[in-house]
Amino acid sequence: MVVAAVDLFFEHGYDATTVAQIAERASVTKSTFFRHFSDKRELLVAGQATLSRLLAEGISAASPDATPLAAVAEGLRRASREMGPVSRKLGSRIKAAVAASTELQERDALKSVGLAAAMADALATRGVPALAARVAAELGLLAFKQGYASWVEADGADDIGLEPYALAALDELRSVTRALS
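Residues numbered from 1 in each chain as written. Predicted model: local features only at pLDDT ≥ 70, side-chain atom pairs only at ≥ 80, totals over all residues. Heavy atoms only, no water.

A few points about the overall build of the protein
Next, step 1: Summing up its helical and strand segments, the protein has nine helices and zero strands in all.
Next, step 2: If you list the helices and strands of the protein from N to C, you get α-α-α-α-α-α-α-α-α.
Next, step 3: Rg of the C-alpha trace for the protein: 17 Å, near the compact-globule value of 16 Å for 181 residues, within the 12% margin.
Next, step 4: Classification of the 181 residues of the protein by burial places 40% in the buried group.
Next, step 5: Sequence separation of at least 24 residues holds for 64% of the intrachain contacts in the protein that already meet a minimum separation of 6.
Next, step 6: For the protein, the exposed surface amounts to about 9600 Å²; the carbon and sulfur share of it is 56%.
Next, step 7: Taking the 20 positively charged and 22 negatively charged side chains of the protein as two groups, their mean positions are separated by 3 Å. (Helix = DSSP H or I, 4+ residues; strand = E, 2+ residues; numbered from the N terminus. Rg over C-alpha atoms; globule rule 2.2 N^0.38 Å. Buried < 20%, exposed > 50% of the residue type's maximum accessible area, 1.4 Å probe, protein only. Contact = heavy atoms within 4.5 Å. Areas by Shrake-Rupley, 256 points an atom, 1.4 Å probe, with all protein chains shown as cover. Lys, Arg positive; Asp, Glu negative; His and termini not counted. Charge placed at Lys NZ, Arg CZ, Asp CG, Glu CD.)

Take a look at the structure:
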């Protein structure tokens, strides 16, 4: 259903696309649609819970002596490994749909808050002080977003996954933050 919705949002715009059109394109009934999603906005954040869980699992699995950013890197690795060609293919279409809709921009912002909170909570569980956990989580979120954008924009002919893009973005952010002091 997500692919069908993103395609329709890209073709006709978010506001002009109905749940009935999404269900028809996905070859499901409207009832089936509503069993999975409360409304069409939810389609674009369908993977948020899974992504939050993967980021947190990676952070939790990091070496006990890992720095907060090293633990975040493990979270990025874990989440990135689950992002495949479909995620890459849909990236530019999702970006266009979000850019064209204030409603989706607001929902995307809430998604970002949720992802950062999941990482901060996982870091706090590791004993990282609250402020350091929040800063590391925000840097992790920014690295994920930058890495994802670079991955989507890169030549899709390569088989390189998201992981190197996300980790390169985190390394760049580390350099930038060092230069700030």
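A closer look at the nonpolar core
Next, step 1: Leu55, Ile59, Val72, Leu76, Leu123 and Leu170 are the most contacted members of the largest nonpolar core, which totals 36 residues.
Next, step 2: Elements with a contribution of two residues or more to this core: helix 4 (48-61), helix 5 (68-80), helix 7 (102-125), helix 8 (130-153) and helix 9 (163-180).
Next, step 3: When residues of this core are assigned to their parent elements, the largest contribution, 10 residues, is made by helix 8.
Next, step 4: Not counting the four nearest positions on each side in its chain, leucine 55 is found in contact with Gly75, Leu76, Ala79, Leu115 and Met119.
Next, step 5: By size, the runner-up hydrophobic cluster in this structure holds 15 residues, among which are Val6, Tyr14, Phe37 and Leu43. (Core = buried A, V, L, I, M, F, W, Y, C linked by side-chain atoms within 4.5 Å.)

Structural notes on the environment of alanine 124
Next, step 1: Mapped onto the fold, alanine 124 is located in helix 7.
Next, step 2: Between the C-alpha atoms of alanine 124 and arginine 53, which are 71 residues apart in sequence, the distance is 15 Å.

Remarks on the layout of surface pockets
Next, step 1: Its volume calculated, the largest pocket comes out at about 930 Å³.
Next, step 2: As for the largest pocket, its lining consists of 33 residues, and the residues nearest its centre are Leu44, Met83, Ile94, Lys111 and Tyr148.
Next, step 3: Breaking the lining of the largest pocket down by element, the ones donating at least two residues are helix 4, helix 6 (85-99), helix 7 and helix 8.
Next, step 4: The element best represented in the lining of the largest pocket is helix 6, accounting for eight residues.
Next, step 5: Across the lining of the largest pocket, the residue classes break down as 19 nonpolar, seven polar and seven charged. (1 Å grid on protein atoms, 1.4 Å probe; cavity = no way out; pocket = protein on both sides within 12 Å on 5 of 7 lines; lining within 4 Å. Points joined across faces, edges and corners; volume = space filled by probe spheres on them. Nonpolar A, V, L, I, M, F, W, Y, C, P; charged D, E, K, R; others polar.)

Some words on helix 5
Next, step 1: Here helix 5 is 13 residues long and its end C-alpha atoms lie 18 Å apart, about the 18 Å a rise of 1.5 Å per residue gives.
Next, step 2: What helix 5 keeps buried is the set Leu69, Ala71, Val72, Ala73, Gly75, Leu76, Ala79 and Ser80. (Expected span 1.5 Å × (residues − 1).)

Let's talk about the packing of aromatic side chains
Next, step 1: Tallying each qualifying case throughout the model produces five aromatic pairs.
Next, step 2: With a centroid separation of 5.0 Å and 70° between ring planes, the pair formed by phenylalanine 9 and tyrosine 14 is classed as edge-to-face.
Next, step 3: Owing to a relative accessible area of 3%, phenylalanine 9 belongs among the buried residues under this scheme.
Next, step 4: Judged by relative accessible area, which is 6%, tyrosine 14 ranks as buried.
Next, step 5: Note on phenylalanine 33 and phenylalanine 34: the rings are 5.1 Å apart at their centroids and 85° apart in plane angle, and the pair reads as edge-to-face. (Phe/Tyr/Trp six-rings, centres within 6.5 Å; stacked < 30°, edge-to-face > 60°.)

Focus on the side chain of glutamate 163
Next, step 1: On the secondary structure map, glutamate 163 appears in helix 9.
Next, step 2: At 3.1 Å, the side chain of glutamate 163 forms a polar contact with the side chain of arginine 81.
Next, step 3: When sequence neighbours within four positions are dropped, the list of residues in contact with glutamate 163 reads Arg77, Ser80 and Arg81. (Polar contact = N/O pair within 3.5 Å; in protein donor to acceptor, adjacent residues only side chain to side chain.)

Some details on the packing of helix 5 against helix 9
Next, step 1: Interaxial distance between helix 5 and helix 9 falls to 9 Å at its minimum, and their mutual angle equals 160°. Here helix 5 lies roughly antiparallel to helix 9, going by the angle between them. The two elements helix 5 and helix 9 cross, and the hand of that crossing is right-handed. Contacts from Leu69, Ala70, Val72, Ala73, Leu76, Arg77 and Ser80 of helix 5 reach helix 9 at Glu163, Ala166, Leu167, Leu170 and Arg174.
Next, step 2: Per-class residue counts for the contact of helix 5 with helix 9 are eight nonpolar, one polar and three charged. (Axes fitted to C-alpha atoms, helices over the stretch in contact; angles between N-to-C directions. Parallel < 35°, antiparallel > 145°, perpendicular 65-115°, else oblique. Left-handed = near helix turned anticlockwise from the far one by under 90°.)

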